[in-house]
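Coordinate inspection notes
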Amino acid sequence: MKKIIVVGSGFSGSIIARKIAEELNREVELIERRSHIGGNMYDAVDEKTGVLVQCYGPHYLNTNKYSIINIDDENSKEFIKHIDSNILTYGIEKNADIKGEILRIDSNGSLFTVNSFPFSSKLLGEFNIYNCLSIISLLTVYNLSYLDFAIFIKSMNPIDGRMNKYTYNDMNFVIDYAHTYSAVKESINCVRKLAKKNLYIILGCGGNREKEKRYMIGSLLNEINANIILTIFFWYVNFIIW
């Protein structure tokens, strides 16, 4: 059977080549004049800042509409430099267009306000408040009411595998299927703030995701005052107990 030649490895070429190889089980030769695949969407880590940037410019942000930025993110200023559009910022710590104020955050969820409008959520962690602020920012851009989202987020239960809380014999368990360094860091930081007694962290160290960052996870664990157990599960699962 003759192989198939795909010329160009931009979005279309890369996707078509992969589909043919995986779904049709055909041999594919991908021809690209550049030194990388991905076309103009190719990204790489900037050596000076350590920020993952699009080498051909963040054209997905170049719009005559709005770009929504977490102003509390340490890289927000770098993002803003490359944005050619209106900017709407959200945050908790710094001044922002959409300014969140945390009233309560505990093992049952959180209560916060945005411009005096109250929101409550069953989702654990400050990072989930930031997720809510990003949605509220989008509602603001489209001039939509906060009310429907406030009703929805108040009744929404945590997604299976993401910061699920259980109680057994006066012990609290939080299970989170974090598999990257940033996700592991956020879930651990969340529970550290909630823990009132001894904290145990059981971390699955198998799997194939972000192997190059495992030393970073190890460094993070070295800084935590907790009882830490590492397993050889073939996926990342965090059981955090206090």
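All of these numbers come straight from a predicted model, not from anything done at the bench. (Residues numbered from 1 in each chain as written. Predicted model: local features only at pLDDT ≥ 70, side-chain atom pairs only at ≥ 80, totals over all residues. Heavy atoms only, no water.)

Right, let's get into the sheet that holds strand β7 (residues 98–106). A sheet is described by the order of its strands in space; here 5 strands give the open sequence β5-β6-β7-β8-β9, paired in mixed fashion. On the outer flanks of this sheet lie β5 (66–70) and β9 (117–121), each paired with one strand and no other. Direction aside, the axes of adjacent strands within the sheet are offset by 20° on average. (Pairing = 2+ DSSP bridges. Helix = DSSP H or I, 4+ residues; strand = E, 2+ residues; numbered from the N terminus. Axes fitted to C-alpha atoms, helices over the stretch in contact; angles between N-to-C directions.)

Of note in this structure, N25 is not a glycine but carries a positive phi near 55°. Residue position: N25 is located in the loop between α1 (11–23) and β2 (28–31).

Any two side chains of opposite charge can pair, given that their charged atoms come close. As enumerated under the stated definition, the model contains 6 salt bridges in all. Across the salt bridge formed by R104 and D106, the nearest N and O atoms sit 3.0 Å from each other. Looking at R104, the relative accessible area reads 35%, which means it is partly exposed. Its relative accessible area of 22% is what places D106 among the partly exposed residues. (Salt bridge = Lys/Arg side-chain N within 4 Å of Asp/Glu carboxyl O. Buried < 20%, exposed > 50% of the residue type's maximum accessible area, 1.4 Å probe, protein only.)

In this structure, S85 sits in the loop between α2 (76–81) and β6 (86–91). Distance from S85 to K65, taken between C-alpha atoms, is 6.0 Å for residues 20 residues apart in sequence. Separated by 2.8 Å, the side chains of S85 and S67 make a polar contact. (Polar contact = N/O pair within 3.5 Å; in protein donor to acceptor, adjacent residues only side chain to side chain.)

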